[in-house]
Amino acid sequence: MAKFYITTPIYYVNDVPHMGHAYTTIAADVLARYHRLMGDDVFFLTGTDEHGQNIERVAAEKKITPKEYCDTVVAQFRDAWRTLDISNDYFVRTTDERHIQAVSKFAAALLASGDVYRGQYKGWYCPRCEAFFQPEELLPEHLCPIHKRDCEWTEEENYFFALSRYQDRLAHLVGETDFVLPETRRNELLGVLRQGLQDFSISRERVHWGVPLPGDPKQVLYVWVDALLNYITAIGYGDDERTFYRYWPADVHLMAKEIIRFHCLYWPAMLMAVGLPVPKRVFAHGWLTKDGQKLSKTTGNVIDPFDLARRFGSDAVRYYFLREGAFGADWDYTESAFARRYNADLANDLGNLLNRTVQMVVRYFDGAVPAPLDETTQADGQLLKPAEALRSSLERSLEADALQEVLIQLGSLVVEANKYVQVTAPWELAKARKNGDEGAARRLATVLYNLMDVLRLLGYAFSPVIPRKGPELLAQLGIEPSGPGSWNDQMRLGSYLPGTVVQPGGVLFPKYEA
Ligand code: MSP
């Protein structure tokens, strides 16, 4: 059995969960669910990043301890993931005792690697990014290029990691392998590599809220080093070798594009330094904006996952965010586009296909799926060919993390099935059958079998994206949801048992009226 280890970034607790975080987490969830259906031994990890100066400061403002502050925000993240049906296998917190222990072990190994030295740090620091910037990277007035807020001039004695020694190995990893996708991100990193890598400091003197550096407790580990290590501490690095080696290296680290330097340069180099394998892939998707503006708590330009899930249903949220923008590109969210696509793709195309097909099975065959009695016509081929090809085309797209492609492929099969209803006009066939036309009777049975079989395929293949409505759709077809490893069987046409009794149910996706 193959294994599949997928991660999201661990989110900072200085913000409540919003649709930006949810976008990555939903994508990871969908990939995890497909891989489970395919029979892989899946480990899907998400969590929270809770250390650092920023959190220390926010907690102090609120007059509570950092941990108390973290607990309240973590509860909201857990709640958001429950609301969106996220099926993570583990939730890692950098304040977990287990994480802290393992981080200490890793830090000790890093210190012993020969790639760490003491030095003086001087530079501009953005506490929101928890990162240093070169003077030329700053906006005027020493503003952080990401947050457009003040950076602080910082001078202190730190420990440094000799990233520059990994220049050639990283250039190979990024430039010559499929380590980072999509292509645009690879080019960006190659640009950084061409400028020459700088060593970076891995400890902080003035921060207290973090993991103490082994051997020098006046320093805490730099929050990004602490955070990146979540990917190995959560699966047992340092305390459960068997589980660790069962899942490591990660199959894919998913994230948005602003943190690829940490993941594609710092992270593999640190792993190489202690002799661990590097992750197989980093996939960086684009940035989500709303009504053309950056998502921001300060300007109130947020997309609230709880609100959307309440009004549209969590399945619709999951569907829409993956369907609307190419996974990898930046795109803009507007509620009107969401409502339009919800009504068009889900309420109309998929919902109506289900209703009218099941209704026809009730009306013309007393609710029992007919056996296909006829030979295949050209019209049948128009529907069945793409349906047969669905499995391999989905597999190709999933392999490339091309999630919008997955949904386009599913959506075009829905459109094809609706066309098939128009072209074959079962109601005409039913009339002819009533008048004793044997050929029409056979055709009617075949057409409805094909439609039901394609609906079954769609309900199954859609389920990782819409884990509530997919099984509901199948239930209306009289089919139980199938478990892990059922992919090859269920993705084959013709496995619908004639005689299965349909269970017409409610409207799958009620029309949304603003
Ligand atoms: N704590 C670090 C990550 C450490 S991982 C070892 C961090 N946290 S964060 O809370 O800022 O989350 C950033 C991630 O949230 C992005 O990489 C992306 O996955 C997601 N997104 C947050 N806002 C987003 C958008 N507006 N658009 C798309 N994704 C967004 O960075």
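What counts as what
- Residues numbered from 1 in each chain as written.
- Predicted model: local features only at pLDDT ≥ 70, side-chain atom pairs only at ≥ 80, totals over all residues.
- Heavy atoms only, no water.
- Helix = DSSP H or I, 4+ residues; strand = E, 2+ residues; numbered from the N terminus.
- Contact = heavy atoms within 4.5 Å.
- Areas by Shrake-Rupley, 256 points an atom, 1.4 Å probe, with all protein chains shown as cover.
- Lys, Arg positive; Asp, Glu negative; His and termini not counted.
- Charge placed at Lys NZ, Arg CZ, Asp CG, Glu CD.
- Pairing = 2+ DSSP bridges.
- Axes fitted to C-alpha atoms, helices over the stretch in contact; angles between N-to-C directions.
- 1 Å grid on protein atoms, 1.4 Å probe; cavity = no way out; pocket = protein on both sides within 12 Å on 5 of 7 lines; lining within 4 Å.
- Points joined across faces, edges and corners; volume = space filled by probe spheres on them.
- Nonpolar A, V, L, I, M, F, W, Y, C, P; charged D, E, K, R; others polar.
- Salt bridge = Lys/Arg side-chain N within 4 Å of Asp/Glu carboxyl O.
- Buried < 20%, exposed > 50% of the residue type's maximum accessible area, 1.4 Å probe, protein only.
- Near = heavy atom within 4 Å.
- Polar contact = N/O pair within 3.5 Å; in protein donor to acceptor, adjacent residues only side chain to side chain.
- Parallel < 35°, antiparallel > 145°, perpendicular 65-115°, else oblique.

Time to look at the overall build of the protein chain. When its secondary structure is counted, the protein chain shows 19 helices and 16 strands. Principal-axis analysis of the C-alpha atoms places the extent of the protein chain at approximately 95 × 45 × 40 Å. Look at the contacts in the protein chain between residues 6 or more apart in sequence, and 78% of them connect residues 24 or more apart. Per element, the accessible surface of the protein chain, about 21400 Å² overall, is 51% carbon and sulfur. Separation of charge centres in the protein chain, based on 56 positive and 67 negative side chains, amounts to 2 Å.

Let's shift gears to the environment of Leu110. With respect to the helices and strands, the residue Leu110 is situated in helix α4 (residues 97–111). With 51 residues separating them in the primary sequence, Leu110 and Phe161 have C-alpha atoms 8.6 Å apart. Each residue touching Leu110, except ones within four places of it in the same chain, is listed here: Val116, Phe161, Ile202, Met270, Ala273 and Val274.

It is worth spelling out the sheet that holds strand β3 (residues 90–93) at this point. Strand order across the open sheet formed by 6 strands is β3-β2-β1-β12-β13-β7, with parallel pairing between neighbours. With one partner strand each, in any of the chains shown, β3 and β7 (180–181) form the two edges of the open sheet. In the sheet, strand β12 (residues 252–256) pairs with strand β13 (residues 282–285) via 4 bridges, with the strands oriented parallel. Residue His253 lies in a different strand from β13, and its bridge partner there is Val282. Packing against the sheet, helix α1 (residues 19–37) makes contact with β1 (3–12), β2 (41–49), β12 and β13, and its axis sits at approximately 165 degrees to β1.

Another point: empty space enclosed by the protein. Throughout the structure, instances matching the rule amount to 1 cavity of 30 Å³ or more. Taken as a whole, the largest cavity encloses approximately 60 Å³ of empty space. For the lining of the largest cavity, a count of residues per class yields 7 nonpolar, 4 polar and 2 charged.

Now for the pairing of strand β4 (residues 116–126). Each regular strand shows side chains that alternate between the opposite faces of the sheet. The pairing of β4 with strand β6 (residues 152–161) spans 10 bridges and is antiparallel. In the sheet register, Tyr125 faces β6, and the bridge partner there is Glu152. In sequence, β4 turns back onto strand β5 (residues 131–133) through a hairpin of 4 residues, with Glu130 there showing a positive phi of about 55 degrees.

Moving on: the pattern of salt bridges. This model, assessed by the stated rule, comprises 37 salt bridges. A salt bridge links Arg281 to Glu399; the shortest N-O distance between them is 3.6 Å. Linking Arg281 in the loop between α10 (260–274) and β13 with Glu399 in helix α14 (residues 378–399), this pair joins segments that are 118 residues apart in sequence. In this structure Arg281 comes out as buried when scored by relative accessible area, which is 13%. Connected through salt bridges with shared partners, the residues Glu50, Lys67, Asp71 and Arg93 form a single ionic network.

It is worth spelling out unusual backbone geometry at this point. Omega for the bond connecting Leu181 with Pro182 falls within 30 degrees of zero, at -10 degrees, which places this linkage in the cis form. Looking at the secondary structure, you find Pro182 in the loop between β7 and α6 (183–194). You will see that Lys63, though not glycine, has its phi angle at about 60 degrees, which is positive. Here Lys63 is to be found in the loop between α2 (53–62) and α3 (66–83).

Turning our attention to the site of the ligand. For the ligand, the set of nearby residues contains 24 residues, the closest of which are Ile10, Thr24, Asp49, Glu258 and Leu288. Ile10 is positioned with one of its backbone polar atoms (N or O) 2.8 Å from a nitrogen atom of the ligand. Between an oxygen atom of the ligand and a side-chain N or O atom of Glu258, the distance comes to 2.9 Å. Alone, the ligand offers 670 Å² of accessible surface; in the complex the protein occludes 94% of this.

Turning our attention to the packing of α4 against α10. At a closest axis distance of 8 Å, the pairing of α4 and α10 adopts a crossing angle of 75 degrees. Considering their axes alone, α4 and α10 lie roughly perpendicular with respect to each other. Residues Phe106, Ala109 and Leu110 of α4 form the contact with α10, whose own contacting residues are Met270, Leu271, Ala273 and Val274. Taken together, the residues of the contact of α4 with α10 sort by class into 7 nonpolar, no polar and no charged.

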